Amino acid sequence: MLRVGTGVACMACRNLVTNSSSVKIRIPLQKLHPLSRAIHHRNSPNTNPHRPSLQSAARQFTSLSRLPLHPARPLPGKYGHQPHRTFWVARLATRLLKLRYLLLGSAVGGGYTAKKTYEEWKDMLPDLSEYKWVVPDFIWELDEHIDLEKIANALPDAETLAKLLPDFEKIGENFSFLKSLMSKESSGEATFKATENASFEGSEKQYKKASDKEKADQLQEELLRTQLKYQRILERLEKENKELRKVVLQKDDKGIHQRKVNKSLIDLYSEVLDILSDYDSNYNTQDHLPRVVVVGDQSAGKTSVLEMIAQARIFPRGSGEMMTRSPVKVTLSEGPHHVAMFKDSSREFDLTKEDDLAALRHEIEIRMRKSVKEGQTVSPETISLSVKGPGIQRMVLVDLPGVISTVTSGMALDTKETIFSISKAYMQNPNAIILCIQDGSVDAERSIVTDLVSQMDPQGKRTIFVLTKVDLAEKNMASPSRIQQIVEGRLFPMKALGYFAVVTGKGSSSESIDAIKDYEEDFFQNSRLLKTGMLKAHQVTTKNLSLAVSDCFWKMVRESVEQQADSFKASRFNLETEWKNNYPRLRELDRNELFEKAKNEILDEVISLSQVTPKHWEDILQKKLWERVSTHVIENIYLPAAQTMNSGTFNTTVDIRLKQWTDKQLPHKALEVAWETLQEEFGRFMSEYKGKDQDDIFDKLKEAVKDESIKRHKWNERAEDSLRVIQHNALEDRSISDKPQWDAAIQFMEETLQTRLNDTESVISDMVGPDWKQRWMYWMKRSPEQHIRNETRNELERLLKVNEDHTAYLANDEVTTVRKNLEARGVEVDPALIKDTWHQLYRRQFLRTALSHCNLCRRGFYYYQRHFVDSELECNDVVLFWRIQRMLGITANTLRQQLTNTEVRRLEKNVKEVLEDFGEDNDKKGHLITGRRVQLAEDLKKVREIQEKLEAFIEALHQEK
């Protein structure tokens with residue numbers, strides 16, 4: 001008799017065989033062994049009160065699980081609709097080994113044949129060890145209670161059956177008992193029993209005549225019909241579940257429950273990945289969080305597979321042209337409405353409207369092209385997109401640019417290598433799930449991506465292989481067994497966790513997702529690949545693919561997320577320790593916070609310019625303007641006019657030259673001086689600012705802001721014209737009103753002439769070399785050129801002593817005389833050297849004479865008031881310097897007014913604009929605010945943010961369990 005475990009026999013079955021009175025005995029179901037209840041009383045409502053409903057089973061069933069052979073059966077009306085479900089291997093064994101097949105057998109050969117047939121069919125069953133990771137836990141728990149090996153060993157042998165043959169009355173009574181127990185089954189079940197009983201009567205004859213091949217064909221056909229029927233039931237239940245969940249989500253979305261809506265689990269996880277994508281990994285902390293990486297050859301159908309999973313045509317398309325130019329991270333989640341949204345945008349795209357779909361595709365294309373730098377074809381910059389909708393499987397996918405074998409015209413030369421490097425960077429993550437897309441319509445030997453995937457995952461522990469365009473492959477391929485070799489992993493060198501075959505439409509970009517789904521379902525229902533067993537039902541359709549990928553994704557997330565959280569926790573501890581050791585008195589400010597602090601300091605420094613006193617401005621402006629124009633005044637105005645012998649000619653020459661100077665150069669020079677003064681004062685305030693929070697880390701930024709603000713600043717164009725009029729009027733005035741002004745002019749003249757004299761003395765000293773005192777006391781020597789210069793100077797000084805009123809230029813005959821005199825002393829000299837030396841000597845003589853004349857004019861104000869009538873003293877040069885001095889004062893005052901009233905405020909406005917531009921340019925801020933301190937604060941902030949997000953995600957993950 002049938003034995004379970006260590007030999008505990010089923011009570012009902014024992015009574016059927018050994019006790020003829022068992023027909024009248026009613027054994028309580030609670031006392032029956034679980035296996036007995038599963039076989040004889042599977043339709044009883046109290047058989048397994050804890051068994052989950054069909055809807056629950058449908059949710060837990062994965063695409064890689066084997067499907068049960070029996071369809072769902074309706075229970076009696078008073079118990080409602082309760083479909084029967086168990087592991088299909090157990091159901092197959094139950095069908096073959098039902099006790100009525102054995103107990104009602106009339107010959108030993110029938111039992112022996114049944115046992116032999118079970119062993120043969122058992123050998124033909126596929127190995128499920130590869131897909132154990134996707135089978136729900138309750139299946140394995142059920143399998144633990146049903147030991148098929150023990151059931152097979154418990155089958156009676158020929159001798160035991162022979163002992164049972166004589167007692168046919170007991171067998172008849174037991175058959176009647178079984179029939180009464182099974183009377184409550186549905187009409188469909190009764191029909192199935194009648195068929196079984198009829199087939200049982202001739203089972204021995206049928207088994208003897210049927211060949212092994214016919215048995216295998218019958219089993220395959222029955223299995224296929226059962227799987228397809230179950231698939232249709234599952235899809236119907238999923239559709240009903242989807243509609244119900246949509247209604248519930250819509251109610252929550254409207255706030256009916258009046259509760260706070262938290263972020264979904266997948267949204268929390270996606271935020272962590274977004275932060276990690278911008279985080280420059282340090283301290284051996286790497287991003288090993290799982291995501292699904294979609295790789296494939298160009299035009300292999302990657303984008304189409306993604307769109308089928310997302311249930312919307314969201315990506316731009318091109319015929320043969322590379323469209324995916326940068327990685328696109330797509331976060332899929334369930335929601336009441338089918339919408340899409342970018343990470344950095346608040347706009348929602350309604351994926352049920354064609355206009356929004358077109359706008360979304362256009363926006364993705366624009367973002368891709370913007371991310372590609374000039375001279376490149378692809379970009380490593382990631383575009384983040386979230387898609388929500390009813391029934392969408394939760395996961396994070398990254399669509400990568402298609403792998404190419406040849407760089408065509410119009411592409412950058414390094415495009416192929418760049419795509420390989422981007423793909424490897426994502427696939428190197430040990431927890432990344434690689435979704436390898438292979439075009440089924442082309443020769444397998446042309447594939448490039450399979451070699452790349454096999455390099456990154458040689459054992460195939462995290463790779464899922466997808467064969468696209470199977471419809472074209474079946475139509476065009478001469479050998480269909482080649483497709484079977486691909487999906488069984490025997491054609492490519494790469495290994496994979498699972499193999500899938502999908503159809504992504506007829507190739508038209510105008511096809512809707514629903515139309516593609518219908519086409520895919522119709523194709524596989526009629527495909528000879530599925531009918532002949534080359535493809536298994538669980539290996540086809542993008543629906544099964546998305547279920548398998550989602551299960552694999554969440555399994556990988558649960559296994560690795562806590563380890564990653566611990567890694568970032570350790571990294572945070574290291575960063576905080578380094579900060580405390582190196583910057584114990586400073587706050588942890590990142591680059592953006594430091595920029596805001598520097599911005600406030602710079603604006604304070606600009607405002608401080610308005611606090612500069614008017615006297616300070618005028619003194620600086622007057623001093624700088626005279627430094628800029630003094631050479632022109634002395635060399636081009638004063639010296640030429642002073643060569644004349646009478647005052648009339650002197651004044652005329654001065655007036656003409658001053659007028660020319662004012663019209664052409666002076667106003668422009670004055671504005672240049674004012675602008676330079678403003679720059680210097682601005683820079684001085686920025687460099688000398690000593691606030692309590694002053695930080696050297698801002699020096700580079702301040703310098704850049706100063707330079708850029710000055711570059712953008714332009715002085716008022718009308719200021720030059722108005723300044724010219726003011727300067728011209730100031731220089732025309734010759735009336736010195738009082739003695740203090742006269743004395744100030746003489747002092748200004750003396751200081752100017754003395755400065756020039758000192759400069760001239762220095763030039764002559766450099767020309768002739770050290771004098772006798774320096775040569776004797778400091779052991780200095782003259783060079784040969786200095787020796788010639790010294791001899792020339794001595795000769796020219798003798799000429800000046802002879803004629804003190806000599807003109808500023810030497811005549812040619814005088815140059816010849818000096819040269820011959822030098823040659824007579826053995827000194828060869830060039831005429832140009834003589835003229836150059838003469839110029840400096842005459843200049844020194846002239847300045848000495850002018851200084852002595854200046855001392856005489858100290859008492860000349862009385863004669864000036866009388867216009868030097870009846871006086872040998874003429875001080876027109878003092879009047880010239882008074883005019884220059886007065887013009888400098890008036891110009892400085894005018895420029896100061898323009899600075900304080902207009903230009904400082906315009907400069908402040910420019911500084912604000914520059915700071916705003918720099919604030920929007922992250923690259924600029926990264927270049928200007930640098931240093932270990934900044935990088936450490938940036939890393940610390942990022943790691944804290946990542947850790948907090950991970951902890952929130954882990955907490956939500958535990959709550960979901």
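Structural notes, computed from the coordinates. (Residues numbered from 1 in each chain as written. Predicted model: local features only at pLDDT ≥ 70, side-chain atom pairs only at ≥ 80, totals over all residues. Heavy atoms only, no water.)

**Quick notes on the overall build of the chain**
Looking only at helices and strands, the chain features 38 helices and eleven strands. Counting the 961 residues in the chain, one finds 47% classified as buried. Taking the contacts inside the chain whose residues are at least 6 apart along the sequence as the reference set, 80% of them involve residues at least 24 apart. For the chain, the accessible surface area stands at approximately 50100 Å², while carbon and sulfur atoms represent 49% of it. (Helix = DSSP H or I, 4+ residues; strand = E, 2+ residues; numbered from the N terminus. Buried < 20%, exposed > 50% of the residue type's maximum accessible area, 1.4 Å probe, protein only. Contact = heavy atoms within 4.5 Å. Areas by Shrake-Rupley, 256 points an atom, 1.4 Å probe, with all protein chains shown as cover.)

**Focus: the sheet that holds strand β6 (residues 349-350)**
Ordered by their spatial adjacency, nine strands build an open sheet running β6-β5-β7-β4-β8-β3-β9-β10-β11, and the pairing between neighbours is mixed. Each edge of the open sheet carries a strand with a single partner, namely β6 and β11 (498-501). Pairing geometry for strand β10 (residues 463-468) and β11, over four bridges, is parallel. Across the sheet, Leu467 pairs through a bridge with Ala501, a residue of β11. Its contacts with the sheet put helix α15 (residues 302-310) on β3 (292-296), β4 (328-334), β7 (383-389), β8 (395-399), β9 (433-439) and β10, and the angle it makes with β8 is roughly 160 degrees. (Pairing = 2+ DSSP bridges. Axes fitted to C-alpha atoms, helices over the stretch in contact; angles between N-to-C directions.)

**A look at the pattern of salt bridges**
Under the definition given, this model contains 49 salt bridges. A salt bridge links Glu703 to Lys706, with the nearest nitrogen and oxygen atoms 3.2 Å apart. Here Glu703 and its partner Lys706 are both found in helix α28 (residues 699-712), three residues apart, which amounts to about one turn of the helix. Residue class for Glu703 comes out partly exposed when judged on its relative accessible area of 40%. For Arg858, the salt bridge identified is with Glu750, shortest N-O distance 2.3 Å. On the criterion of sequence distance, the pair formed by Arg858 in the loop between α34 (831-856) and α35 (861-865) and Glu750 in helix α30 (residues 739-768) is long-range, its members being 108 residues apart. Overall, Arg858 belongs to the partly exposed group, its relative accessible area being 37%. (Salt bridge = Lys/Arg side-chain N within 4 Å of Asp/Glu carboxyl O.)

**Thoughts on the packing of aromatic side chains**
Counted by the stated rule, this structure contains 17 aromatic pairs. Through pairs of rings, three or more aromatic residues link up here, namely Trp626, Tyr638, Phe748, Phe846 and Phe881. When the ring centre of Phe342 is taken as reference, the NZ or CZ atom of Arg367 above it lies at 4.1 Å. For the cation-ring pair, Arg394 lies above Trp554, with the distance from its terminal atom to the ring centre recorded as 4.7 Å. (Phe/Tyr/Trp six-rings, centres within 6.5 Å; stacked < 30°, edge-to-face > 60°. Lys NZ or Arg CZ within 6 Å of the ring centre and 35° of its normal.)

**Details of a negative patch on the surface**
A grouping of Glu913, Glu916, Glu920, Asp921 and Asp923 is seen on the molecular surface, where their side chains present a negatively charged patch. Among the elements that make up the negative patch, the one with the highest residue count is helix α36 (residues 876-920) (three residues). Tracing the chain through its elements places Glu913 in helix α36. Its relative accessible area of 34% is what places Glu913 among the partly exposed residues. (Patch = residues over 30% accessible without salt bridge, like charges linked within 9 Å, V, L, I, M, F, W, Y side chains within 5 Å. Lys, Arg positive; Asp, Glu negative; His and termini not counted. Charge placed at Lys NZ, Arg CZ, Asp CG, Glu CD.)

**Details of the nonpolar core**
Ranked by internal contacts, the top residues of the largest apolar core, which has 98 residues, are Tyr638, Trp661, Trp742, Ile884 and Val911. Residue contributions to this core peak at 17 residues, all from α36. Setting aside its immediate chain neighbours within four residues, Trp742 contacts Ile736, Cys857, Arg858, Gly860, Phe861, Tyr864, Phe868, Cys875, Val878 and Val879. Among the nonpolar cores identified, the runner-up in size contains 68 residues, and Ile275, Leu276, Ile314 and Met395 belong to it. (Core = buried A, V, L, I, M, F, W, Y, C linked by side-chain atoms within 4.5 Å.)

**What to know about the packing of helix α25 (residues 614-642) against helix α26 (residues 647-664)**
Two elements in contact, α25 and α26, have axes whose closest approach is 8 Å; the angle formed by their N-to-C orientations is 150 degrees. Here α25 lies roughly antiparallel to α26, going by the angle between them. Helix-helix and strand crossings are classified by hand; for α25 and α26 the assignment is right-handed. Only Phe650, Thr653, Val654, Arg657, Leu658 and Trp661 of α26 make contact with α25, whose side of the interface consists of Val629, His632, Val633, Asn636, Ile637, Pro640, Ala641 and Ala642. The residue inventory of the contact of α25 with α26, partitioned by class, reads ten nonpolar, three polar and one charged. (Parallel < 35°, antiparallel > 145°, perpendicular 65-115°, else oblique. Left-handed = near helix turned anticlockwise from the far one by under 90°. Nonpolar A, V, L, I, M, F, W, Y, C, P; charged D, E, K, R; others polar.)

**Observations concerning the packing of α25 against α36**
Interaxial distance between α25 and α36 falls to 8 Å at its minimum, and their mutual angle equals 140 degrees. Compared by their axis directions, α25 and α36 come out oblique. Both α25 and α36 take part in a crossing whose hand is right-handed. Looking at the contact of α25 with α36 residue by residue, the classes come out as 16 nonpolar, six polar and three charged.

**Some details on a nonpolar patch on the surface**
Together, Trp772, Trp776, Met777, Tyr778 and Met780 make up a nonpolar patch on the protein surface, roughly 700 Å² of accessible area in all. Mapped onto the secondary structure, Met780 falls in the loop between α31 (772-778) and α32 (784-802). Residue class for Met780 comes out partly exposed when judged on its relative accessible area of 37%.

**Regarding the pairing of strand β5 (residues 339-342)**
For β5 and β6, the ladder comprises two bridges, and the chain directions are antiparallel. Bridging across to β6, Ala340 finds its partner in Phe349. As consecutive antiparallel partners, β5 and β6 are separated by six residues. Examined bridge by bridge, β5 and β7 share four bridges and lie antiparallel to one another. Across the sheet, the residue bridging to Met341 is Ser386, located in β7.

**Observations concerning the state of the cysteines**
Throughout the structure, instances matching the rule amount to one disulfide. Put simply, Cys857 and Cys875 are joined by a disulfide, and their sulfur atoms are 2.0 Å apart. On the S-S bond that ties Cys857 to Cys875, the torsion sits near -100 degrees, and the link is left-handed. Within this pair, whereas Cys857 is found in the loop between α34 and α35, its partner Cys875 is found in the loop between α35 and α36, the two being separated by 18 residues in sequence. The same class applies to Cys857 and to Cys875, which are both buried. With no disulfide of its own, Cys854 lies closest to Cys857 among cysteine sulfurs, the gap being 6.6 Å. Given the relative accessible area of 0%, Cys854 is considered buried. (Disulfide = S-S within 2.5 Å.)

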